[in-house]
4 protein chains.
Amino acid sequence: MSKIEVRRKPFIIGVMGGHEAAAGMLEESRRVGEGIAKRGHVILTGGGDGVMKAASEGASRAGGLVLAVLPSDRAHPLEGYPNDFVDIAIYTGMADARNVINAKTPHVMIAINGGWGTMSEIAHALRNDTPVIALKTPAIDLPYGKCFTAVNTVEAALAEMDRLLRVTGDR
Amino acid sequence: MSKIEVRRKPFIIGVMGGHEAAAGMLEESRRVGEGIAKRGHVILTGGGDGVMKAASEGASRAGGLVLAVLPSDRAHPLEGYPNDFVDIAIYTGMADARNVINAKTPHVMIAINGGWGTMSEIAHALRNDTPVIALKTPAIDLPYGKCFTAVNTVEAALAEMDRLLRVTGDR
Amino acid sequence: MSKIEVRRKPFIIGVMGGHEAAAGMLEESRRVGEGIAKRGHVILTGGGDGVMKAASEGASRAGGLVLAVLPSDRAHPLEGYPNDFVDIAIYTGMADARNVINAKTPHVMIAINGGWGTMSEIAHALRNDTPVIALKTPAIDLPYGKCFTAVNTVEAALAEMDRLLRVTGDR
Amino acid sequence: MSKIEVRRKPFIIGVMGGHEAAAGMLEESRRVGEGIAKRGHVILTGGGDGVMKAASEGASRAGGLVLAVLPSDRAHPLEGYPNDFVDIAIYTGMADARNVINAKTPHVMIAINGGWGTMSEIAHALRNDTPVIALKTPAIDLPYGKCFTAVNTVEAALAEMDRLLRVTGDR
């Protein structure tokens, strides 16, 4: 079985998005995952289908380690969780409460498109000072603060991630 | 100590909103709480200041039972939690993850104004088919579905609550 | 529908125990629930069958308010939850993580018999300084500390509860 | 910064134990962590001091990847969490409820010594069919079932882990 090279104390990049997503969004998700892995970062998703699976596939094929925080547990599996590209599954059995963990854990969150689940993760992230890069997510009529950047392309999302991680420094 | 009369299997009405709120919002929150209690329903909030406290005060003074699901626990208290009007405090120690419980438990949620915490509760509610009545909350550019009604007055909020509970029936 | 009288800021008494229990244990559970309600306290259980249901039935028939913190939620119901005697169900959707809430919320916990779920609740309670009264629970070879009392009869359990609440005072 | 080699879909081995532990227990914990890493498995702990830190140090020095599921979050740090040897920290902010995740996530749990926190993790593991290898943990007077093996040496713990993973097969 192939090996993955991981840095000590790597940056964790969350990629959040719906389990249903338009085809164009899936291709963009794959490219986001690929960009994360090529930089040596670890990707974290909710472990399901759609954006989560596509981003995980992109990261995995580019040689990255793929983490997922699942709503389900082994004793009560949920169809589609974890998707085929997850290397390390964190089983919570906590349903939607795992969204909070998804929002608190990453050094940077990239939200792609998304529905109410993704909205909850953006809201929890902004409450917890996790920087959010929003790629074509729905707008919310609230002051986003300095932790939020809306972008329209994968390239802009990755460039903003690079910038944020330079500011954060190594940890 | 005074007694509260509670129906067997009462309706639980969640009132969600920020711990900071404008004065006008506090007065509206009190009137929402009062309307809930006068109908014999039990109010549930996050147990803190602002909208949560004002709504709890309104319900308590009108003779209602006041529940709260707290982010903190007794061993690690959090200033302002629970507020003075809480009768029954559910201690979770789970910080933001308690927002999920706030969203899943009520038969109807009334969201008042609010910031990112309230946004997360609305998002979790809509993911879980809890009907949401939004009184002057920020707009989110996503299809809200049939579980969401935006209103502009306390009277409209309470009237919509009455309508929803008639549809739900007794439980 | 009949009304329940509840004190403002009542004492919450947790009753923990397995969803399967021997018949003798069920009768003792009912009497524990009855004793709690007759003293004007509110009972809190995990909302399921066995000890939880029997204690809730005892409390309910004696005119008490019955709370339950459920592992499930309305969108994903779990058979047997909540049992017929629950007045106010707190829906978490968090599976076993709700045991932590059961351990943190009550002023006093009475554990009856029980298996691994109950063991987890006793452990969480002792970590959080919730006093535990253990009625015929399995022994654990660890120093229990001052928060734990083992008893052999319902009468002794209720007497120890009375003593602990006098020490705690009104809150 | 040095790199770690990780297998695709590695086995996750949980090591649970107190943040306070006798010196002998720390040396045994280090050797358990070392044995896990030398076999190419990923270690998961609660991220704190004592057994958790020693096992993480052993795994890290042997070239292994070190995961931790923390009770705290970045916005509300908790002293000693994460310890110096954690590579990937999962932030929950859920206090004791993270013990449930510790119990559900590993393919095999090795519990070392331990107090009430560790007892709760053993109880949650046995409720969820996570195999538990107990190295000098306190006894609990309940039927442990086929998922539990008590051992007295690090070598026996690692041998039982090897056996369990052969049975589980690759995943």
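Further up the page is the structure itself.
The following paragraphs examine the structure supplied in this document.

Cut-off values and rules
- Residues numbered from 1 in each chain as written.
- Chains lettered and ligands numbered in written order.
- Predicted model: local features only at pLDDT ≥ 70, side-chain atom pairs only at ≥ 80, totals over all residues.
- Heavy atoms only, no water.
- Helix = DSSP H or I, 4+ residues; strand = E, 2+ residues; numbered from the N terminus.
- Contact = heavy atoms within 4.5 Å.
- Least-squares fit on C-alpha atoms with pLDDT ≥ 70 in both.
- Salt bridge = Lys/Arg side-chain N within 4 Å of Asp/Glu carboxyl O.
- Buried < 20%, exposed > 50% of the residue type's maximum accessible area, 1.4 Å probe, protein only.
- Buried area = accessible area lost by both parts, 1.4 Å probe.
- Polar contact = N/O pair within 3.5 Å; in protein donor to acceptor, adjacent residues only side chain to side chain.
- Nonpolar A, V, L, I, M, F, W, Y, C, P; charged D, E, K, R; others polar.

### What to know about the side chain of Asp87(B)
Relative to the helices and strands, Asp87(B) resides in the loop between strand E4 (66–70) and strand E5 (88–91). Other than its neighbours up to four places away in sequence, Asp87(B) contacts Ile4(B), Gly64(B), Leu65(B), Val66(B), Arg8(C), Lys9(C) and Pro10(C).

### Some words on the relation of the copies chain D and chain A
Mapping chain D onto chain A calls for a screw motion: a turn of 180° about the axis and a shift of 0.0 Å along it, with 0.0 Å RMSD after fitting. Overall, the copies show the geometry of a two-fold rotation axis. Among all C-alpha atoms of chain D, that of Glu5(D) lies closest to the rotation axis, at 2.4 Å. Interface residue correspondence from chain D to chain A reaches 100%, placing this contact among same-surface, isologous pairings.

### Details of the pattern of salt bridges
One pass over the full model with this rule turns up 52 salt bridges over all chains. Of the charged contacts, one joins Asp96(A) and Arg127(B) as a salt bridge, the two residues approaching to 3.7 Å between their closest N and O atoms. In this pair, Asp96(A) sits in the loop between strand E5 (88–91) and helix H3 (98–104) while Arg127(B) sits in helix H4 (residues 116–127), so the two residues belong to two different chains. The buried category is assigned to Asp96(A), whose relative accessible area is 6%. On the accessibility criterion, Arg127(B) (41% relative accessible area) is partly exposed. Linking Arg61(B) and Glu57(B) is a salt bridge whose minimum nitrogen-to-oxygen distance equals 2.9 Å.

### Things to note about the interface of chain C and chain A
With four residues of chain C at the interface, the matching set in chain A holds four residues. Counting the surface lost from both chain C and chain A, the interface buries some 330 Å², and carbon and sulfur atoms represent 56% of this. Put simply, chain C and chain A have zero salt bridges between them. Counting across the interface, chain C meets chain A through zero residue pairs in polar contact (both at pLDDT 80 or more). Looking at the side of chain C that touches chain A, its residues break down into three nonpolar, one polar and no charged.

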